[in-house]
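The primary structure of each chain is shown beneath.
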Amino acid sequence: MTALNENYLKLQGSYLFSTVAQRVAAYKKENPSAEVISLGIGDVSQPLVPAVVEALHKACEEMGHAETFRGYGPEQGYPFLRQAILQGDYLSRGILLSADEIFVSDGAKSDVANFQELFALDVRVALQDPVYPVYLDTNVMAGRTQSYQNGRYGGIIYLPCTETNRFVPALPREHADIIYLCSPNNPTGTAFTKQELQKWVHYAQEHKSIILFDSAYEAYITSDDVPHSIYEIPGAERVAVEFRSFSKTAGFTGTRCAYTVVPKGVQVTTREGKSVPLHALWLRRQTTKFNGVPYIVQRAAEAVYSPEGRAQTQAVINGYRENAVTILTALRCAGLTAYGGGNAPYIWLKTPKGLDSWAFFDKLLKEAQVVGTPGVGFGACGEGYFRLTAFNTAALTQQAAQRIAKLSF
Ligand code: PLP
């Protein structure tokens, strides 16, 4: 028999969303007339904006004519999209990068999951707790962790994000080679200020570490002191890789397009001490293993940067932001303590009266017919917290908020 990669056996079952679905299904079976509203979804509810749809149609038409048909494209992305990203997200903010440092992909999830394979198996990995689970799980699969005990994998440096530190983790006391930072954070909705992020860049410079910066939710930032890109921090261009996505910025969760910035100044080292640019390794990896994003999708993503595209996507984001305010207001009416929402589509509430995350889930479902996500599903430090999202429609969010506001704890 063929032996398996035993690291997969160390993974904890991803019971979170299936358990949520099971409990909701059981509740609906017992209460067939209940109108359950989900504020648990991490997916968007609004359709693609007209400028994007128009670009898709136009690109489809091009694909149907011999003169404009495109076959295999460059794995790193077409120059037109890399240039639009460069101008729209970086040069316009005073960040100097070059278009060939931008790699277009089919998702921040795949990029952030695949990127770890460029590093040795014995590098020390640090990550926030709670956080988007993909960083941890992909390092478990690769074999960078020991076994799982008491909610923790041996070999990982966990960076607790708690109420005490306002969900902004302290620097690790030990040496970390790779540091995953998610800002604005899923699930806490908290984002690093420039000053806070500067400390991490200094740490990475001192320790010769690499920061993998996931800013999938940067479009939701409203505070002036919160950077949209890690490259707003001086020196980051030598120590950081940045992951971005069109998923939550422009409703591309089904269309699929994202990008990763790997500046040429970020270096890794061989066992003999020779420096190698990470850029060269990622280029090699992508051109070998990745097929590129469809031409029509890249044209659609390009349209996000047109004046119409920008205005239309901003209007959608503003709608989600209003949902976040609606949810926060309702939670406060119910006497609950809640964080996030201001720079992210996520609201992170503290479960009351010692209820654990799952007990709160049951209470919210039974008493308000509202579904959310238990915080413990994002890491041990998420116990005692609960995530609500601003991605549902305005009408359903308002209805859910009215029910929540009437709850008593
Ligand atoms: N990064 C974070 C922090 C996320 O929360 C998500 C999706 O929920 C992703 C990345 C995935 O992005 P994409 O849809 O581009 O794969």
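The rules behind each value
Residues numbered from 1 in each chain as written. Predicted model: local features only at pLDDT ≥ 70, side-chain atom pairs only at ≥ 80, totals over all residues. Heavy atoms only, no water. Near = heavy atom within 4 Å. Polar contact = N/O pair within 3.5 Å; in protein donor to acceptor, adjacent residues only side chain to side chain. Areas by Shrake-Rupley, 256 points an atom, 1.4 Å probe, with all protein chains shown as cover. Helix = DSSP H or I, 4+ residues; strand = E, 2+ residues; numbered from the N terminus. Nonpolar A, V, L, I, M, F, W, Y, C, P; charged D, E, K, R; others polar. Buried < 20%, exposed > 50% of the residue type's maximum accessible area, 1.4 Å probe, protein only. Pairing = 2+ DSSP bridges. Axes fitted to C-alpha atoms, helices over the stretch in contact; angles between N-to-C directions. Contact = heavy atoms within 4.5 Å. Phe/Tyr/Trp six-rings, centres within 6.5 Å; stacked < 30°, edge-to-face > 60°. Lys NZ or Arg CZ within 6 Å of the ring centre and 35° of its normal. 1 Å grid on protein atoms, 1.4 Å probe; cavity = no way out; pocket = protein on both sides within 12 Å on 5 of 7 lines; lining within 4 Å. Points joined across faces, edges and corners; volume = space filled by probe spheres on them. Domains from an automatic or database assignment. Buried area = accessible area lost by both parts, 1.4 Å probe. Salt bridge = Lys/Arg side-chain N within 4 Å of Asp/Glu carboxyl O.

**A few points about the site of the ligand**
Phase 1 of the analysis: In the region of the ligand, 14 residues are neighbours, and Ala108, Asp214, Tyr217, Ser245 and Ser247 sit closest.
Phase 2 of the analysis: Between the ligand and Asn186 there is a distance of 2.8 Å, counted from an oxygen atom to a side-chain nitrogen or oxygen.
Phase 3 of the analysis: Ser247 places a polar side-chain atom, nitrogen or oxygen, 2.6 Å from an oxygen atom of the ligand.
Phase 4 of the analysis: Look at the ligand: alone it shows 400 Å² of surface, and the protein chains cover 91% of it.
Phase 5 of the analysis: Looking at the shell around the ligand, the elements with two or more residues in it are α5 (108-115) and α8 (247-250).
Phase 6 of the analysis: Its residues placed into classes, the shell around the ligand shows six nonpolar, four polar and four charged.

**Focus: the pairing of strand β14 (residues 346-350)**
Phase 1 of the analysis: Where burial is concerned, most of β14 is hidden: four out of the five residues are buried.
Phase 2 of the analysis: Taken together, strand β13 (residues 338-340) and the strand that follows it, β14, pair antiparallel across an intervening segment of five residues, in which Gly341 is found at a positive phi of about 85 degrees.
Phase 3 of the analysis: Bridging between β14 and strand β17 (residues 385-389) involves five bridges; their strand directions are antiparallel. Looking at the pairing, Ile347 lines up with Leu388 of β17.

**Description of the sheet that holds strand β2 (residues 102-105)**
Phase 1 of the analysis: The seven strands lie next to each other as β2-β10-β9-β8-β7-β3-β6, forming an open sheet whose pairing is mixed. At either end of the open sheet lies a strand with only one pairing partner, and these are β2 and β6 (156-160). Across this sheet, the average inter-strand angle for adjacent strands is 20 degrees, counted without regard to direction.
Phase 2 of the analysis: Against the sheet, α5 engages β2, β7 (178-182), β8 (210-214), β9 (240-245) and β10 (258-261), with an angle of about 155 degrees to β9.

**A look at the side chain of Thr190**
Phase 1 of the analysis: Within the fold, Thr190 resides in the loop between β7 and α7 (194-207).
Phase 2 of the analysis: With residues up to four places along the chain from it excluded, the contact list for Thr190 reads Arg166, Phe167, Val168, Pro184 and Asn185.

**A look at the packing of aromatic side chains**
The geometry of an aromatic ring pair is captured by the separation of the ring centres together with the interplanar angle, meaning the angle of the planes.
Phase 1 of the analysis: Inspection of the entire model under this criterion finds 28 aromatic pairs.
Phase 2 of the analysis: Arranged with centres 6.5 Å apart and planes meeting at 50 degrees, the rings of Trp200 and Tyr203 form a pair that is tilted. Residue Trp200 and its partner Tyr203 are both found in helix α7; the two are separated by three residues, about one turn of the helix.
Phase 3 of the analysis: With a relative accessible area of 2%, Trp200 lands in the buried category.
Phase 4 of the analysis: In this structure an aromatic cluster arises from ring pairing among Tyr90, Tyr231, Phe246, Phe252, Tyr259 and Tyr305.
Phase 5 of the analysis: The residue whose ring lies beneath Arg82 is Phe103, and the NZ or CZ to ring-centre distance is 5.8 Å.
Phase 6 of the analysis: The residue whose ring lies beneath Arg152 is Tyr158, and the NZ or CZ to ring-centre distance is 4.1 Å.

**Notes on empty space enclosed by the protein**
Phase 1 of the analysis: Applying the stated criterion across every chain, the model contains one cavity of 30 Å³ or more.
Phase 2 of the analysis: Considered as a void within the structure, the largest cavity measures approximately 70 Å³ in volume.
Phase 3 of the analysis: Contributing to the lining of the largest cavity are 13 residues, with Thr249, Ala250, Gly251, Val316 and Tyr320 lying nearest its centre.
Phase 4 of the analysis: Those elements that provide at least two residues to the lining of the largest cavity are α8 and α11 (307-333).
Phase 5 of the analysis: In terms of residue count, the dominant contributor to the lining of the largest cavity is α11 (four residues).
Phase 6 of the analysis: Here the residues of the lining of the largest cavity are counted per class, giving eight nonpolar, four polar and one charged.
Phase 7 of the analysis: Each of domain 1 (6-47 + 308-406) and domain 2 (53-306) contributes no fewer than three residues to the lining of the largest cavity.

**Brief notes about the domain arrangement of the protein**
Phase 1 of the analysis: Along its sequence, the protein is organised into domain 1 (6-47 + 308-406) and domain 2 (53-306).
Phase 2 of the analysis: With centres defined by C-alpha atoms, the gap from domain 1 to domain 2 works out at 25 Å.
Phase 3 of the analysis: Between domain 1 and domain 2, the residue contacts involve 35 residues of the former and 47 residues of the latter.
Phase 4 of the analysis: The largest share of the area that domain 1 buries against domain 2 comes from Arg310, Asn343 and Cys381, three residues that together contribute 20% of it.
Phase 5 of the analysis: In this structure, the salt-bridge partner of Glu163 is Lys350, at a minimum N-O distance of 2.9 Å.

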